[in-house]
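Secondary and tertiary structure notes
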Amino acid sequence: MSMPNGGKVLVEVTSALADTSKPGYEAIDTFDLLVRSATSLTSGVEAGILLADHNQHLHVVASTSERTSDVEEAQLGSEQGPCVVAFRTGETVDVPSIAASRLDWPAFAALAEDRGFHAAHAVPLRHRGQILGGLILFSEQLGPLSDEDAVSIEALVRAATTNLNEELYRALDARVTIERAKGVLAQQYGVPMDAAFSILRAHARKTDKRLSDIAGKIMNSRGQSR
């Protein structure tokens, strides 16, 4: 594990992920915490989540950076890549060398390498026996994910999906609003999309509001100002 007292931190994070009873709980917040925890508690540098809608079409609902979102979108566009396979098979997919996967997933491998990723690890998201999507963890170093990190990721995913319900599908709509709000903030402050999301998330935490609520207010204000 990539940080001291990792076992204690893992317990604290998994408890937070499993606590969906607090007021204002929103699945999108859980997914955001999940990807951030996946990178802080393992050797992975970036993480993202693909979630299936009612028609089993995958969508990007969380990512730690725009470069991660780019690679996730590439998986969706080509319908190939470790996260797509994890969703379809329900099995964990470890990719110690993305370069070696070019024959199987050419579009995914090309973009992932271009963004500086050299290895990946994808885990299916399950809820009551149903495969909901997948989480992918990226590394800038070659090699398989360590056994300890793999166990940590499984624990985080299990905690995050324990109490999911219909709020899960609202996360897809919320993500659209959040992406639009990020664009507004990026333009307003002249900052990259990653920084715009940090501004959005910081304000949500400061005001103890849901991400989608803050994003919705931004979009409503923008509409009224026209």
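Residues numbered from 1 in each chain as written. Predicted model: local features only at pLDDT ≥ 70, side-chain atom pairs only at ≥ 80, totals over all residues. Heavy atoms only, no water.

A word on the packing of helix α3 (residues 66-78) against helix α5 (residues 106-114). Between two packed helices, both the angle of their axes relative to each other and the distance between the axes serve to describe the pair. Where α3 meets α5, the closest approach of the two axes is 9 Å, and the angle between their N-to-C directions is 170 degrees. Classified by the angle between their axes, α3 and α5 sit roughly antiparallel to one another. Facing α3, whose interface residues are D70, V71, A74, Q75 and S78, α5 presents A107, F108, L111 and A112. Residues of the contact of α3 with α5, tallied by class, amount to 6 nonpolar, 2 polar and 1 charged. (Axes fitted to C-alpha atoms, helices over the stretch in contact; angles between N-to-C directions. Helix = DSSP H or I, 4+ residues; strand = E, 2+ residues; numbered from the N terminus. Parallel < 35°, antiparallel > 145°, perpendicular 65-115°, else oblique. Contact = heavy atoms within 4.5 Å. Nonpolar A, V, L, I, M, F, W, Y, C, P; charged D, E, K, R; others polar.)

Our focus in this paragraph is the packing of aromatic side chains. Tallying each qualifying case throughout the model produces 3 aromatic pairs. An angle of 80 degrees between the planes, with centres 5.9 Å apart, marks the rings of W105 and F108 as edge-to-face. For the pair formed by W105 and F108, the shared burial category is buried. With a centroid separation of 4.3 Å and an interplanar angle of 15 degrees, the aromatic rings of F117 and F138 are classed as stacked. Placement of the pair is F117 in the loop between α5 and β4 (119-127) and F138 in strand β5 (residues 130-139), with a sequence separation of 21 residues. With respect to burial, F117 and F138 carry one shared label: buried. A network of ring pairs unites the aromatic residues W105, F108, F117 and F138 as a single cluster. (Phe/Tyr/Trp six-rings, centres within 6.5 Å; stacked < 30°, edge-to-face > 60°. Buried < 20%, exposed > 50% of the residue type's maximum accessible area, 1.4 Å probe, protein only.)

Among the secondary structure elements, T161 is positioned in helix α6 (residues 147-161). The class for T161 is buried, based on a relative accessible area of 5%. Among the polar contacts listed, one links the side chain of T161 to the backbone oxygen of R126, at a separation of 2.9 Å. In contact with T161, other than residues within four places in its own chain, are L125, R126 and H127. (Polar contact = N/O pair within 3.5 Å; in protein donor to acceptor, adjacent residues only side chain to side chain.)

Mapped onto the secondary structure, G133 falls in strand β5. When its relative accessible area of 0% is taken as the criterion, G133 is described as buried. Residues G133 and A52, 81 residues apart in the sequence, show an inter-C-alpha distance of 5.4 Å. Setting aside its immediate chain neighbours within four residues, G133 contacts L50, L51, A52, L58, F87, V123, P124 and L125.

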